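Residues per chain are reported as follows:
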Amino acid sequence: MNLAGKKIVLGLTGGIACYKAAEFTRALIKAGATVQVVMTEAARHFITPVTMQALSGHTVYTDQWDSRIANNMAHIDLSRGADAIIIAPCSADFMRKLVHGAADDLLSTLCLARPHDVALLVAPAMNVEMWDKPATQRNVAQLKSDGITLLGPASGDQACGETGLGRMLEPEQLLEALTGFFQPKVLSGKRVLITAGPTFEPIDPVRGITNLSSGKMGYALARAAQAAGAHVTLISGPTALAVPLGVTCIPVTTARNMHEAVMSHIGEQSVFIAVAAVADWRVAEVSTQKIKKQATSSPSLQFETNPDILASVAALPSPPFCVGFAAESDDLLVQGAAKRERKNIPLLVGNIGHQTFGKDDNEIVLFDAQGHQALPRASKDSLAVTLIAEIARRL
Ligand code: C5P
């Protein structure tokens, strides 16, 4: 995630989720942002300004009468030059204040006094009953129509012991959402279908054949497409990764499951990106019982060929814009170009299998009808942003 050069004002309001704001501050700084923290009086009951100052590296302001700013106008000075103000956690009461244009403490006055080009994002955090109340929901609707971006809340166990909607998003989800917020919306209104991860072909109830794909590149592309404004569906083989915020994920196991899921969703898609490392073969006869070890012989397996999902999509009468991946072990330039033509797709991304599987970074070559272009080694997240921009340009 890259927020280099971004100036973020982080507002904390009263809620137990303030403890997550500490981790979020660290994540923002690691991503290259400058963080100016402003806290309400209620937030100070949950976490101290000293903690937030130590983590952000800047003076924390809590009081609108604080005289440390020379002109005594913290509510003006702190938002000028900011790229965004993010309130995390945002209490039900602070949402009410934003709806009504309240200016009765430093943070609310700062929000009201922000210039029109400073984005305001809020990450609500409250008890499930507080979130569900019509009054809160009216405030949510009003905030959205006022152009304020809501991040979450998530559903799950709450600190109060109850369960449901109202949990603040986790720090890494907030970072992902904020990074996405700054991306140009080059795929706005488009639908993008992505396959990711390995497939798993069973041999018997406890064994199977899979590969070393981690799903990282496919998930990074799902995040980047979502951040670019697309409606993203991710059809994923078994991975250990969290589903990106705002992305619909359909988990599958075998190549045939994946093929079926892709073909039933392909209708309305503008773009299909086949990143999954799909097993080429499946075991012809899957044993319903665990195959027992024999002292003198070992089992032999017969294989059948799996459907080629990408080729099936590319062969549709009016296919979406298709992007394929090729993980080669050698001779990438020749193999990549040949594979793009064989699969009959406009764009193919080539990489060297053992240099990408499970890694956080990669080196890729783009193949199209004009030839090829090598991109320098970079993180999968930043390659995904580049690829999405490239796809948008070609659509
Ligand atoms: O032919 P090969 O497996 O190397 O092609 C890789 C590309 O084809 C990837 O984009 C992969 O997701 C896709 N593929 C597929 N269905 C298969 C095999 C590969 O969609 N059965």
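Criteria and thresholds
Numbering of residues starts from 1 in each chain and follows the order in which that chain's sequence is written. Predicted model: local features are reported for residues with pLDDT of at least 70 only, side-chain atom pairs are reported and counted for 80 or more only, and whole-chain, interface and lining totals are derived from all residues. The side-chain numbers reported here are obtained from all heavy atoms of the structure, hydrogens and water having been left aside. Relative accessibility under 20% of the residue-type maximum defines a buried residue, over 50% an exposed one, and the middle range a partly exposed one, all with a 1.4 Å probe and only protein chains included. Numbering of helices and strands runs from the N terminus; a helix is a DSSP stretch of H or I covering at least four residues, while a strand is a stretch of E covering at least two. We call two residues contacting when some pair of their heavy atoms lies within 4.5 Å. Two rings from Phe, Tyr or Trp (for Trp, the six-membered ring) form a pair when their centres are within 6.5 Å of each other. A pair whose planes differ by under 30 degrees is stacked, one over 60 is edge-to-face, and the rest are tilted. Counting as a charge over the ring demands two things of the Lys NZ or Arg CZ atom: a distance within 6 Å of the ring centre and an angle within 35 degrees of the ring normal. Pairing between strands is defined by DSSP: at least two bridges between them are needed. Structural elements are reduced to axes, namely lines fitted to C-alpha atoms, with helices fitted over the stretch in contact, and the angle between N-to-C directions of any two is expressed from 0 to 180 degrees. One heavy atom within 4 Å of a molecule or strand is enough for the residue carrying it to be called near that molecule or strand. Within 3.5 Å is the distance limit for a polar contact, defined as a pair of N or O atoms, with the added protein rule that one can donate a hydrogen and the other accept it, and that residues adjacent in sequence qualify only through two side-chain atoms. Where accessible areas are quoted, they stem from the Shrake-Rupley method and a 1.4 Å probe; at the residue level, only the protein chains shown are allowed to cover. In this analysis, the protein atoms alone were mapped onto a 1 Å grid. Cavities are point sets where a 1.4 Å probe fits without being able to get out; pockets are open sets with protein on both sides within 12 Å along at least five of seven lines; lining residues have an atom within 4 Å of a point. Any molecule with more than half of its atoms within 2 Å of a cavity's or pocket's grid points is counted as sitting in it. Residues are sorted three ways: Asp, Glu, Lys and Arg are charged, Ala, Val, Leu, Ile, Met, Phe, Trp, Tyr, Cys and Pro are nonpolar, and all the rest, Gly among them, are polar. Multiplying one less than the number of residues by 1.5 Å gives the expected span of a helix. As used here, the term nonpolar core means buried Ala, Val, Leu, Ile, Met, Phe, Trp, Tyr and Cys residues forming a set that is joined through side-chain atoms within 4.5 Å. Think of it like this: strands point away, you trace from the first strand over the helix to the second, and a clockwise trace means the crossover is right-handed.

(A) Local environment of helix α4 (residues 92–100). Within α4, burial applies to Ala-92, Phe-94, Met-95, Lys-97, Leu-98 and Val-99. Where the residues of α4 are buried, they touch β3 (84–90), α5 (106–112), β4 (119–124), α6 (128–132) and α7 (134–145). Positive backbone phi, approximately 70°, marks Gly-101, located one or two places after α4.

(B) Up close: the packing of aromatic side chains. On inspection of all chains with the given rule, the structure shows 1 aromatic pair. One residue, Lys-6, lies across the ring of Phe-182, its end atom 4.7 Å from the ring centre.

(C) Representation of the sheet that holds strand β11 (residues 231–236) within the structure. The sheet built from 8 strands is open, its strands ordered β12-β11-β8-β13-β16-β17-β19-β20 with mixed pairing. In this open sheet, the two edge strands, each paired with only one partner strand, are β12 (248–251) and β20 (371–374). On average, adjacent strands in this sheet sit at an angle of 15° to one another, irrespective of strand direction. Helix α10 (residues 255–265) contacts β8 (191–196), β11, β12 and β13 (271–274) of the sheet and is inclined by roughly 175° relative to β8.

(D) The arrangement of the site of the ligand in detail. Around the ligand sit 13 residues in total, of which Ala-274, Ala-276, Pro-307, Phe-325 and Lys-339 are the nearest. Here an oxygen atom of the ligand and a backbone polar atom of Ala-274 are 2.6 Å apart. The backbone of Leu-310 places a nitrogen or oxygen atom 2.8 Å from an oxygen atom of the ligand. Calculation on the ligand without its partners gives an accessible area of 450 Å², and the protein chains cover 86% of this total. Under a 2 Å grid-point criterion requiring more than half of the atoms, the pocket assigned to the ligand is the largest pocket. Contributing elements (two or more residues each) for the shell around the ligand: α11 (309–314), β16 (321–328) and α12 (332–343). Of the residues assigned to the shell around the ligand, the class counts are 8 nonpolar, 1 polar and 4 charged.

(E) Up close: α7. With 12 residues, α7 should cover 16 Å at 1.5 Å per step; its first-to-last C-alpha distance of 16 Å lies within 8% of that length. Contact partners of the buried residues in α7: α4, β4, α6 and β5 (149–150). Downstream of α7 by a residue or two, Gly-147 has a phi angle that is positive, lying close to 85°.

(F) A look at the nonpolar core. In terms of nonpolar packing, the biggest core is built from 35 residues, with Leu-10, Leu-12, Leu-28 and Met-52 touching the most fellow members. Put simply, the parts of the chain that give this core at least two residues each are β1 (7–12), α1 (18–30), β2 (34–39), β3, β4 and α8 (171–182). For this core, the element with the highest residue contribution is α1, accounting for 6 residues. Residues in contact with Leu-10, not counting those within four places in the same chain, are Ala-21, Phe-24, Thr-25, Val-35, Gln-36, Val-37, Val-38, Met-52, Ile-86 and Ala-88. Counting residues in hydrophobic clusters, the runner-up holds 33 residues, among them Ala-228, Val-232, Ile-273 and Val-349.

(G) Representation of the sheet that holds β4. Within the open sheet, the 5 strands sit side by side as β2-β1-β3-β4-β5. Their pairing is parallel. The open sheet has two edge strands, β2 and β5, and neither has a second partner. Inspection of the sheet shows β3 paired to β4 by 5 bridges, in the parallel sense. In the strand pairing of β4, Ala-84 is matched with Ala-119. Sitting on the sheet, α4 touches β3 and β4, and the angle it makes with β3 is about 140°.

(H) Fine view of the pairing of strand β17 (residues 347–352). In terms of burial, β17 is a largely internal element, 6 of the 6 residues being buried. Of the two faces of β17, both are covered, the one formed by Leu-347, Val-349 and Asn-351 as well as the one formed by Leu-348, Gly-350 and Ile-352. In terms of strand pairing, β16 meets β17 through 6 bridges, oriented parallel. Within β17, the residue paired with Ala-326 across the bridge is Gly-350. As a crossover connection, the stretch from β16 through α12 into β17 is right-handed.

(I) View of the pairing of strand β9 (residues 201–204). When β9 meets strand β10 (residues 207–209), the two strands line up antiparallel, connected through 3 bridges. For Asp-204, the partnering residue across the bridge sits in β10 and is Arg-207. Adjacent in sequence and paired antiparallel, β9 and β10 are bridged by 2 residues.

(J) Representation of the side chain of Thr-40 in the model. Checked against the element boundaries, Thr-40 lands in the loop between β2 and α2 (49–56). The exposure class assigned to Thr-40 is buried, which follows from its relative accessible area of 6%. Beyond its immediate stretch of four places on either side in the chain, Thr-40 contacts Leu-12, Thr-13, Gly-14, Phe-94, Asp-105 and Leu-107.

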